[in-house]
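So you can see what is in the structure, the chains are spelled out below.
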Amino acid sequence: MSAVEAKLAELGLVLPEVVPPLAAYQPAVQSGVYVYTSGQLPMVDGKLPVTGKVGAEVTAEEAKDLARTCALNALAAVKSVAGDLDRVARVVKVVGFVASASDFTGQPGVVNGASELLGAVLGDKGVHARSAVGVAVLPLDAPVEVEIQVELVP
């Protein structure tokens, strides 16, 4: 077990299986020392635990937990191409998309679910640049989608 996966276990988390693509793309690709993930939905055992807009059908706290799940799925996608999460030198960028009710403005707090998970699991290597974007709708009516870019140890 890698040190990163041991840290996940210490936090009571398990790295999930890679979520299969919903269309014509790969969950993650490596280019040089970087791994780019596709947008990861908060899939658990092949399905979304909740759907709808944040600020309407989904609370901000529920969405923050879903963003955490997205980050776990992103780490699984990174491992699928890097082979070992201990190769992660740092998380470079996180982009979070939040399907938002028209008056919802708490996107940064929602995406904190992903950022906080990456920090808890990777420590200083998890500190990153980030965008948190409100959108009208996401695939499958998911409330949140997260993609990450990581740099690997060469």
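Procedures and definitions
Residues numbered from 1 in each chain as written. Predicted model: local features only at pLDDT ≥ 70, side-chain atom pairs only at ≥ 80, totals over all residues. Heavy atoms only, no water. Helix = DSSP H or I, 4+ residues; strand = E, 2+ residues; numbered from the N terminus. Rg over C-alpha atoms; globule rule 2.2 N^0.38 Å. Salt bridge = Lys/Arg side-chain N within 4 Å of Asp/Glu carboxyl O. Buried < 20%, exposed > 50% of the residue type's maximum accessible area, 1.4 Å probe, protein only. 1 Å grid on protein atoms, 1.4 Å probe; cavity = no way out; pocket = protein on both sides within 12 Å on 5 of 7 lines; lining within 4 Å. Points joined across faces, edges and corners; volume = space filled by probe spheres on them. Nonpolar A, V, L, I, M, F, W, Y, C, P; charged D, E, K, R; others polar. Polar contact = N/O pair within 3.5 Å; in protein donor to acceptor, adjacent residues only side chain to side chain. Contact = heavy atoms within 4.5 Å. Core = buried A, V, L, I, M, F, W, Y, C linked by side-chain atoms within 4.5 Å. Axes fitted to C-alpha atoms, helices over the stretch in contact; angles between N-to-C directions.

A.B. asks: What is the right way to look at the overall build of the protein in this model?
C.D. replies: Across its full length, the protein holds three helices and five strands. Each helix and strand of the protein, ordered N terminal to C terminal, gives the series α-β-β-α-β-α-β-β. Expected size for 154 residues packed as a compact globule is a radius of gyration near 15 Å; at 14 Å, the protein falls within 12% of this value. Principal-axis analysis of the C-alpha atoms gives the protein an extent of 45 × 30 × 25 Å.

A.B. asks: In this structure, what is going on with the pattern of salt bridges? I would like to understand it.
C.D. replies: One side chain can pair with another of opposite charge once the charged atoms of both are near each other. Within the structure shown, the criterion is met by four salt bridges. Among the salt bridges present, the one from Glu 10 reaches Lys 7, with a minimum N-O distance of 3.0 Å. Here the residue Glu 10 and the residue Lys 7 both occupy positions in helix H1 (residues 3–10), the gap between them amounting to three residues, near one helical turn. On the basis of relative accessibility, which here comes to 27%, the residue Lys 7 falls in the partly exposed class.

A.B. asks: Would you mind going over the layout of surface pockets with me for this structure?
C.D. replies: Which parts of space are left empty comes out when a probe the size of a water molecule is rolled across the atoms. In this model, the largest pocket occupies a volume close to 260 Å³. As for the largest pocket, its lining consists of 14 residues, of which Val 19, Met 43, Val 44, Asp 45 and Gly 46 are closest to the centre. Per-class residue counts for the lining of the largest pocket are nine nonpolar, three polar and two charged.

A.B. asks: Help me understand the side chain of Ser 115 in this model?
C.D. replies: Tracing the sequence through the fold places Ser 115 in helix H3 (residues 107–122). Residue classification places Ser 115 among the buried residues on the basis of a relative accessible area of 15%. At 3.0 Å, the side chain of Ser 115 forms a polar contact with the side chain of Arg 130. Every residue in contact with Ser 115, bar those within four places of it in the chain, is listed here: His 128 and Arg 130.

A.B. asks: How should I be thinking about the nonpolar core in this particular structure?
C.D. replies: Note that soluble globular proteins tend to have their nonpolar side chains buried in a common cluster. Residues Leu 75 and Ile 148 are the most contacted members of the largest nonpolar core, which totals 39 residues. If you list the elements that add at least two residues to this core, you get H1, helix H2 (60–82), strand E3 (88–99), H3 and strand E5 (144–152). Per-element accounting of this core gives the leading share, 12 residues, to H2. In contact with Ile 148, other than residues within four places in its own chain, are Val 35, Tyr 36, Thr 37, Ala 74, Leu 75, Val 78, Lys 93, Val 94 and Leu 118. Counting residues in each nonpolar core, the second largest holds eight residues, with Leu 41, Ala 99, Val 135 and Ala 142 among its members.

A.B. asks: Teacher, can you tell me more about the packing of H1 against H3 here?
C.D. replies: The angle between the axes and the distance between the axes are what describe a pair of packed helices. Where H1 meets H3, the closest approach of the two axes is 8 Å, and the angle between their N-to-C directions is 115°. Residues Val 4, Lys 7 and Leu 8 of H1 pack against Ala 120, Val 121 and Leu 122 of H3. Looking at side-chain class alone, the contact of H1 with H3 contains five nonpolar, no polar and one charged residues.

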